[in-house]
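Listed here are the chains, written in short residue letters.
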Amino acid sequence: MPRLSKIPWVRRQRTRLRRPLQILMSPVFANYIKFVINTSTIIADPPNYVGRARELHPSIIALWHGQFFLLPGLYPRDIPARAIVARNDDAEALARVLRRFGLQLVRGAGASGRPGDRGGAEAAHGLIASLREGYSVVLTGDVPPGPARKCGFGIIMISSRSGRPIVPFAVATSRYRSVKSWSRMTINLPFSTLGIVMGDPIYVPREAGAAELEVYRKRVEAALNDVTAKAYALAGADMTRATPPSIAESPS
């Protein structure tokens, strides 16, 4: 017997209902994000991270995939920014939530070995152009479908070609749930201790060759791991459940 999701009329119904559900759920998600932030006790390192963000603007705000749930609600609205969001229908709900918090969008995603054109090259050009136009940009260092928490070269090339710094960023809460996905997508819960960590800016030279770009890729990867661990420590949270299996099982 075929799976329900494989039956044509079921697939058509799911496609027909997807957009109305996205429209209905986006304000729910946005209000939930606000609720989590408003009911949590925030501990930030550095305490003036918003001021630092203003000083470094325009910059590339980098974080790991799966750890971005609260970022839209924490991002200061007076700093113009654009976030990268995939072009597929499944990402439309996220796009609507980001818009509700004043973030503009650049659509596309890296292929990361997947077939087909996902708009990665076009998105990279859009991000570089955004930085030159005076927008900060928000994107993840790792790209679906993984490997998780392995920094790709896309973010490194964007920094090199734009001349703008990569700013490692992480958010964690003492109470959370994690989805069993490749990136261990984290759903933050209200009434938590909320840890926010912003790392030092990393500037990638315009003239960097392949070997030097690899050095900076590893540097950004290490910095993202460092701020993530610090955010969970500030929150007093057990990071194990938020750690992707490929990372947790790798030798130390």
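Please read these numbers as outputs of a predicted model, since none were measured by experiment. (Residues numbered from 1 in each chain as written. Predicted model: local features only at pLDDT ≥ 70, side-chain atom pairs only at ≥ 80, totals over all residues. Heavy atoms only, no water.)

**Student:** Explain the environment of Ser-160 to me, please; I cannot follow it from the model alone.
**Tutor:** Along the chain, Ser-160 turns up in helix H6 (residues 154–162). A relative accessible area of 4% means that Ser-160 is categorised as buried. For Ser-160 and Leu-213, which are 53 residues apart along the polypeptide, the C-alpha to C-alpha distance reads 8.7 Å. Ignoring anything within four residues of it in the chain, the contact list for Ser-160 reads Val-204, Pro-205 and Arg-206. For Ser-160, the side chain forms a polar contact with the main-chain oxygen of Arg-206, separated by 3.5 Å. (Helix = DSSP H or I, 4+ residues; strand = E, 2+ residues; numbered from the N terminus. Buried < 20%, exposed > 50% of the residue type's maximum accessible area, 1.4 Å probe, protein only. Contact = heavy atoms within 4.5 Å. Polar contact = N/O pair within 3.5 Å; in protein donor to acceptor, adjacent residues only side chain to side chain.)

**Student:** Is there a simple way to think about empty space enclosed by the protein in this case?
**Tutor:** Taking a probe equal in size to a water molecule and rolling it over the atoms shows the remaining empty space. Enumeration over the complete set of coordinates arrives at 1 cavity of 30 Å³ or more. Those elements that provide at least two residues to the lining of the largest cavity are helix H2 (49–56) and helix H3 (71–74). Tallying contributions element by element places H2 first for the lining of the largest cavity, with 3 residues. (1 Å grid on protein atoms, 1.4 Å probe; cavity = no way out; pocket = protein on both sides within 12 Å on 5 of 7 lines; lining within 4 Å. Points joined across faces, edges and corners; volume = space filled by probe spheres on them.)

**Student:** What exactly am I supposed to notice about the environment of Gly-146 here?
**Tutor:** For Gly-146, the location among the structural elements is in the loop between strand E5 (136–140) and H6. Using a relative accessible area of 16% as the deciding quantity, one classes Gly-146 as buried. Between the C-alpha atom of Gly-146 and that of His-65, which follows or precedes it by 81 residues, the distance is 9.3 Å.

**Student:** Any chance you could explain the pairing of strand E3 (residues 81–85) here in plain terms?
**Tutor:** Every regular strand shows the same layout, with side chains that alternate between the two sheet faces. Of all 5 residues in E3, 4 are buried; the element is thus mostly enclosed. Relative to E5, E3 runs parallel, the two being bridged by 3 bridges. Considered in E5, the bridge of Ala-83 is made with Val-138. Bridge analysis of E3 against strand E4 (residues 104–107) gives 4 bridges, and the strand direction is parallel. Bridge assignment links Val-85 to a residue of E4, and that residue is Arg-107. (Pairing = 2+ DSSP bridges.)

**Student:** Whenever I open this one, the sheet that holds E3 confuses me. Can you help?
**Tutor:** The pairing of strands in a sheet comes from backbone hydrogen bonds and takes either a parallel or an antiparallel form. Spatially, 7 strands are ordered E1-E9-E6-E2-E5-E3-E4 in an open sheet, and the strand pairing comes out mixed. On the outer flanks of this sheet lie strand E1 (41–45) and E4, each paired with one strand and no other. Ignoring strand direction, the axes of neighbouring strands in this sheet form an average angle of 25 degrees. The sheet contact formed by strand E2 (residues 60–63) and E5 spans 4 bridges and is parallel. Bridge assignment links Ile-60 to a residue of E5, and that residue is Val-137. Of the strands in this sheet, E1, strand E6 (166–173) and strand E9 (193–198) touch H2, which is tilted by about 30 degrees from E9. Across the face of the sheet, helix H4 (residues 92–100) comes into contact with E3 and E4 while running at roughly 150 degrees to E4. (Axes fitted to C-alpha atoms, helices over the stretch in contact; angles between N-to-C directions.)

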